[in-house]
Amino acid sequence: MAEEPLYPIAVLIDELKNDDIQLRLNSIRRLSTIARALGEERTRRELIPFLSENNDDDDEVLLAMAEELGVFIPYVGGVEHASVLLPPLETLCTVEETCVRDKAVESLCRIGSQMKESDLVEYFIPLVKRLAAGEWFTARVSACGLFHIAYPSAPETSKTELRSIYSQLCQDDMPMVRRSAASNLGKFAATVEYAHLKADVMSIFEDLTQDDQDSVRLLAVEGCAALGKLLEPQDCVAHILPVIVNFSQDKSWRVRYMVANQLYELCEAVGPEPTRTELVPAYVRLLRDNEAEVRIAAAGKVTKFCRILNPDLAIQHILPCVKELSSDSSQHVRSALASVIMGMAPVLGKEATIEQLLPIFLSLLKDEFPDVRLNIISKLDQVNQVIGIDLLSQSLLPAIVELAEDRHWRVRLAIIEYIPLLASQLGVGFFDDKLGALCMQWLQDKVHSIREAAANNLKRLAEEFGPEWAMQHIIPQVLEMSSNSHYLYRMTILRAISLLAPVMGSEITCSNLLPVVVGASKDRVPNIKFNVAKVLESIFPIVDQSVVEKTIRPCLVELSEDPDVDVRFFSNQALQAIDHVMMSS
């Protein structure tokens, strides 16, 4: 028995040296179980040193180890012993595979944020310095992601040293290190005192913005937004604004793309006046950029940008660009614009929407590219709130009716999903005139998803306008279609009946819908017959018990003797459901 505690570590060592990667992976994922079996002291003394020396060459095993160690503090005896976890993670920070290093940095940050201040100074800060001075670039890349944990607890002399080291990393010979420094600058800057932020961090930032590698500069753009939020508005205008304006004219389209994505966040940081004089012209330039990717990014942010400006500025400067973009040569630019342009209506107000935006909506609704049309349809309600339903129906309804027969089924689907909302806003009279026939037409579409959506649509309309309206306008036409020569259309009608029955209530279901379903049980197509069984199962709770016994059960019993195996299965399933309810009641 005395030998038993040795067993887990022996097994772990065997499995970690096994040639089978799956065994090694399973062993690493069971580390917490092994640590519990060993106890805290032996975990610190034996398991962690063993893991530090484990030089597995498979990235998947190393990634699993980096992840496990991040949550290992409870198994080594709590926060006071957390420092023993640093050596194996330090080794993992230097491996070649990026995802392993990233996970090791994430785990170190998690451990560092829980460590005591004295331990951070004694163990964590030296670790950051060692990595930052590493000979191999991978260590230096990892170091950049740890400064924001190390800095707040450092004594004053160490703080100065850490700022100086970070500055050196930003000027490293390897672009990968500079990239890492640029992407982590915002997190580090958030921990630095304001006086040093203005002096040291801003000079680091300015170096990065002038880097000769566009991959470093584009990460510096992200830093602009992060630093802008940390600085006072006047410092932001002095230090960040010129950088962003330059970046918006950068020779690399990737950098301009990042600016287009981030620009609206900076407007809040610099305040209204600099936004008007500096950022609006920069944004207009991006909307007219010669690279489609930059225009896509800029177009996608047009509503967010307009919300920050006053309506007059938006109408004067942004709207002319929006008009140009609505006929852009790139379909992806038009699609990006269509997905957000509806949000401009509440910002610009009723008059400007009617005069300026409606013609743009109409041109996008007639766009040859289906995604553009789709994006407009799905946001129509935002415009309706601003201009009212009368104008919307006059100007946009003809286009909607046209799209209901669009050759791309996804566009037809989007229109169907929009119909109940439109119906509630148009009112019953208008709906009957213009859209009623369309709703029936969709039940006989060639695409199954459209027929399914059309059946759901009828249910939602019946809920909106009430059973009496549905009895007049929907039920007769649905019942008429039940004898269609194509079995797929007959199946859609069964689906529509199962959805409409709960809305219509027991009386109409028994008198109008049930006879059609029972009639369909004599259909020659097995698919129809087993769908009859499914429909009867869904509607029997709505009707009286006498109807179940007189009509539904005999029909299902007959189907349960059908030659087709599926028909028998579903009819027996329905009979069991009925029996179960009868017994429980």
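Residues numbered from 1 in each chain as written. Predicted model: local features only at pLDDT ≥ 70, side-chain atom pairs only at ≥ 80, totals over all residues. Heavy atoms only, no water.

An unreviewed UniProt entry lists the protein under the name Serine/threonine-protein phosphatase 2A 65 kDa regulatory subunit A beta isoform, with Cajanus cajan given as the organism. Quoted straight from UniProt, the Sequence similarities (unreviewed entry) entry for the protein says "Belongs to the phosphatase 2A regulatory subunit A family." (UniProt positions renumbered as here; feature names shortened; annotations may be inferred.)

Trainee: Would you explain the overall build of the protein in this entry?
Mentor: Secondary structure assignment for the protein yields 38 helices and zero strands. Relative to its length of 585 residues, the protein is extended, with a C-alpha radius of gyration of 34 Å against a globular reference of 25 Å. For the protein, the spread of C-alpha atoms along the three principal axes comes to 90 × 80 × 35 Å. Looking at the protein residue by residue over its 585 residues, the buried ones come to 53%. Summarising the internal contacts of the protein: among those between residues at least 6 apart in sequence, 68% fall at separations of at least 24. A total of about 26,100 Å² of accessible surface is found on the protein, and carbon and sulfur atoms cover 50% of it. (Helix = DSSP H or I, 4+ residues; strand = E, 2+ residues; numbered from the N terminus. Rg over C-alpha atoms; globule rule 2.2 N^0.38 Å. Buried < 20%, exposed > 50% of the residue type's maximum accessible area, 1.4 Å probe, protein only. Contact = heavy atoms within 4.5 Å. Areas by Shrake-Rupley, 256 points an atom, 1.4 Å probe, with all protein chains shown as cover.)

Trainee: Would you mind showing me how to read the pattern of salt bridges here?
Mentor: Where side chains of opposite charge bring their charged atoms close, a pairing between them can arise. Under the defined criterion, the tally for this structure stands at 15 salt bridges. Here Lys 103 makes a salt bridge to Glu 106, at a shortest N to O gap of 3.5 Å. Residue Lys 103 and its partner Glu 106 are both found in helix α7 (residues 98-112); the two are separated by three residues, about one turn of the helix. Judged by its relative accessible area of 38%, Glu 106 falls in the partly exposed class. A salt bridge links Arg 490 to Asp 523, with the shortest nitrogen-to-oxygen separation between them at 2.9 Å. Taken as a pair, Arg 490 in helix α34 (residues 487-504) and Asp 523 in the loop between α35 (506-520) and α36 (526-539) lie far apart in primary sequence, 33 residues in all. (Salt bridge = Lys/Arg side-chain N within 4 Å of Asp/Glu carboxyl O.)

Trainee: I'm lost on the layout of surface pockets in this one. Help?
Mentor: A probe as big as a water molecule, rolled over the atoms, marks out the empty space that is left. Considering only enclosed or pocket space, the largest pocket measures out at about 350 Å³ in volume. Surrounding the largest pocket, 16 residues form its lining, Asp 102, Val 141, Ser 180, Ser 183 and Asn 184 being those nearest its centre. Residue assignment for the lining of the largest pocket shows that the elements contributing at least two residues are α7, α9 (137-144) and α12 (175-189). Split by residue class, the lining of the largest pocket holds five nonpolar, seven polar and four charged. Among the secondary structure elements, those contributing two or more residues to the lining of the second largest pocket are α31 (448-465), α34 and α36. The element that contributes the greatest number of residues to the lining of the second largest pocket is α34, accounting for six residues. For the lining of the second largest pocket, the residue count by class is four nonpolar, five polar and four charged. (1 Å grid on protein atoms, 1.4 Å probe; cavity = no way out; pocket = protein on both sides within 12 Å on 5 of 7 lines; lining within 4 Å. Points joined across faces, edges and corners; volume = space filled by probe spheres on them. Nonpolar A, V, L, I, M, F, W, Y, C, P; charged D, E, K, R; others polar.)

Trainee: Honestly, helix α38 (residues 565-584) in this entry has me stumped. Any pointers?
Mentor: Working note: α-helix, 3.6 residues per turn, so residues spaced by three or four point in the same direction. A rise of 1.5 Å per residue sets the reference length of α38, with its 20 residues, at 28 Å; its end C-alpha atoms lie 29 Å apart and thus fit the reference within 8%. For α38, the complete set of buried residues consists of Val 567, Phe 570, Ser 571, Ala 574, Leu 575 and Ile 578. Projected down its long axis, α38 shows its buried positions confined to an angular sector of 140°, all on one face. Of the exposed residues in α38, those oriented more than 90 degrees away from the buried face are Val 565, Gln 576, His 580, Met 583 and Ser 584. Residues of α38 that are buried sit in contact with α36 and α37 (545-559). The N-cap of α38, judged by a side-chain oxygen 2.9 Å from the amide nitrogen of Asp 566 a few residues on, is Asp 564. (Expected span 1.5 Å × (residues − 1). Arc of directions from axis to C-beta. Polar contact = N/O pair within 3.5 Å; in protein donor to acceptor, adjacent residues only side chain to side chain.)

Trainee: What's the story with the packing of α37 against α38 in this structure? I'm lost.
Mentor: Where α37 meets α38, the axes come as close as 9 Å, and the angle between the chain directions of the two elements is 155°. With respect to each other, α37 and α38 are oriented roughly antiparallel. Of the two elements, α37 crosses α38, and the hand of that crossing is left-handed. Packed against α37, whose contacting residues are Gln 545, Val 548, Glu 549, Ile 552, Arg 553, Leu 556, Val 557 and Leu 559, the element α38 presents Val 567, Arg 568, Ser 571, Ala 574, Leu 575, Ile 578, Asp 579 and Met 582 at the interface. (Axes fitted to C-alpha atoms, helices over the stretch in contact; angles between N-to-C directions. Parallel < 35°, antiparallel > 145°, perpendicular 65-115°, else oblique. Left-handed = near helix turned anticlockwise from the far one by under 90°.)

Trainee: What is the right way to read the packing of aromatic side chains from this model?
Mentor: Given two aromatic rings, one states the distance between the centres and the angle between the planes to describe the pair. Tallied over the entire structure, the rule returns five aromatic pairs. Note on Trp 253 and Tyr 257: the rings are 6.3 Å apart at their centroids and 85° apart in plane angle, and the pair reads as edge-to-face. In this pair, Trp 253 and Tyr 257 both sit in helix α17 (residues 253-270), four residues apart, roughly one turn of the helix. Through a chain of ring-to-ring contacts, three or more aromatic side chains come together here, namely Phe 530, Phe 569 and Phe 570. Over the aromatic face of Phe 570 sits the side chain of Lys 534, whose NZ or CZ is 4.8 Å from the ring centroid. (Phe/Tyr/Trp six-rings, centres within 6.5 Å; stacked < 30°, edge-to-face > 60°. Lys NZ or Arg CZ within 6 Å of the ring centre and 35° of its normal.)

Trainee: Please explain α37 as it appears in this structure.
Mentor: Taking 1.5 Å of rise per residue, the 15 residues of α37 would be expected to cover 21 Å, and the 20 Å separating its terminal C-alpha atoms lies within 8% of that figure. Listing the buried residues of α37 in full gives Val 547, Val 548, Ile 552, Arg 553, Cys 555, Leu 556 and Leu 559. Residues of α37 that are buried sit in contact with α35, α36 and α38.

Trainee: Got a minute to help me understand the environment of Asn 572 in this structure?
Mentor: Topologically, Asn 572 is positioned in helix α38. For Asn 572, a relative accessible area of 34% puts it in the partly exposed group. In sequence terms Asn 572 and Gly 223 are 349 residues apart; their C-alpha atoms lie 65 Å from each other.

Trainee: How should I be thinking about the environment of Glu 452 in this particular structure?
Mentor: Tracing the backbone through its elements, the reader meets Glu 452 in helix α31. Residue Glu 452 is classed as partly exposed on the basis of its relative accessible area, which comes to 26%. Sequence-wise, Glu 452 and Thr 492 are 40 residues apart; in three dimensions their C-alpha atoms are separated by 6.9 Å. A polar contact of 2.9 Å, which involves the side chain of Glu 452, links it to the side chain of Arg 495.

Trainee: Please clarify how the side chain of Asp 562 should be interpreted in this entry.
Mentor: As for its position among the elements, Asp 562 is in the loop between α37 and α38. Take Asp 562: its relative accessible area is 10%, and that puts it in the buried class. A distance of 2.8 Å separates a polar atom in the side chain of Asp 562 from a polar atom in the side chain of Lys 529. At 2.9 Å, the side chain of Asp 562 and the backbone nitrogen of Asp 564 are in polar contact. When sequence neighbours within four positions are dropped, the list of residues in contact with Asp 562 reads Lys 529, Val 567 and Arg 568.

Trainee: How do you make sense of the confidence of the model for the protein when you look at a structure like this?
Mentor: Note that predicted coordinates carrying low pLDDT should not be read in detail. Averaged over all residues, the pLDDT of the protein is 78; the fraction at 70 or higher stands at 91%. Counted against residues more than four places away or in other chains, residues 1-6, with its pLDDT under 50, gives three contacts. (pLDDT = per-residue confidence, 0-100.)

Trainee: What is the right way to look at the packing of helix α18 (residues 272-287) against helix α19 (residues 292-300) in this model?
Mentor: Pairs of packed helices are described in terms of their axes, by the angle between the two and the distance that separates them. Two elements in contact, α18 and α19, have axes whose closest approach is 8 Å; the angle formed by their N-to-C orientations is 130°. It follows from the interaxial angle that α18 and α19 lie oblique. Residues Tyr 283, Leu 286 and Leu 287 of α18 touch α19, and the partners they reach there are Val 294, Arg 295, Ala 298 and Ala 299. Here the residues of the contact of α18 with α19 sort into six nonpolar, no polar and one charged.

Trainee: Please explain the side chain of Arg 334 as it appears in this structure.
Mentor: Relative to the assigned elements, Arg 334 resides in helix α22 (residues 331-341). The exposure class of Arg 334 is buried, given its relative accessible area of 7%. Other than its neighbours up to four places away in sequence, Arg 334 contacts Leu 325, Ser 326, Ser 327, Asp 328, Ser 329, Leu 364, Asp 367, Glu 368, Phe 369 and Val 372.

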